[in-house]
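Residue strings, one per chain:
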Amino acid sequence: MARTGLPSEITDTITDPYYLVQMGFTVAKNMSSLYAGTVDSVTYTADRSIEVNLTSSANGKISGSIVIDNSDNAWSTIVLGQSPSGLTCTIYKAYTATPTVSELVMLFDGYMDE
């Protein structure tokens, strides 16, 4: 029997994760690398220019970087006004367009450096 199309469950599934990033600047910056929305009363702005790179060592230490496009100098204004060093940073991974708190995978919860 020939198939004429894929079920919507397959075509709508996100197979690569996207990231929700919370940064503790005085004016909180909450960004999503794919979708804008609210999860657990936190509103995220869609910013497809975010690149999250995390690695974990054998002893469990997590290090990495968040690369954000600064073509309009908006981030320069924020960082020059308040150094990120010592501010909180939380990074989640998600696979659904409207994740619930239980669907988020916390990758990092700690402090930023320069």
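Our subject is the structure that appears above.
Residues numbered from 1 in each chain as written. Predicted model: local features only at pLDDT ≥ 70, side-chain atom pairs only at ≥ 80, totals over all residues. Heavy atoms only, no water.

Engineer: Help me understand the pairing of strand S7 (residues 88–94), please; the structure alone is not making it clear to me.
Structural biologist: If a strand is regular, its side chains alternate between the two faces of the sheet. With five of seven residues buried, S7 is to be regarded as a mostly interior element. Note that strand S1 (residues 18–23) and S7 share six bridges and pair antiparallel. Each bridged residue has a counterpart across the sheet, and for Leu 20 the counterpart in S7 is Tyr 92. Across six bridges, S7 lies against strand S8 (residues 105–111) in antiparallel orientation. Residue pairing in the sheet places Lys 93 in a bridge with Val 105 of S8. (Buried < 20%, exposed > 50% of the residue type's maximum accessible area, 1.4 Å probe, protein only. Helix = DSSP H or I, 4+ residues; strand = E, 2+ residues; numbered from the N terminus. Pairing = 2+ DSSP bridges.)

Engineer: What's the story with the layout of surface pockets in this structure? I'm lost.
Structural biologist: The probe, sized like a water molecule, is rolled over the atoms to show the empty space still left. Looking at the largest pocket, its volume works out to about 520 Å³. If you trace the largest pocket, you find 22 residues lining it, with Gly 64, Ser 65, Ile 66, Met 112 and Asp 113 closest to the centre. Mapped by element, the contributors of at least two residues to the lining of the largest pocket are strand S6 (62–67), helix H2 (74–81), S7 and S8. With six residues, the top contributor of residues to the lining of the largest pocket is S6. Of the residues that constitute the lining of the largest pocket, the class distribution is 15 nonpolar, five polar and two charged. (1 Å grid on protein atoms, 1.4 Å probe; cavity = no way out; pocket = protein on both sides within 12 Å on 5 of 7 lines; lining within 4 Å. Points joined across faces, edges and corners; volume = space filled by probe spheres on them. Nonpolar A, V, L, I, M, F, W, Y, C, P; charged D, E, K, R; others polar.)

Treat this as a map of the structure, not an account of what it does.
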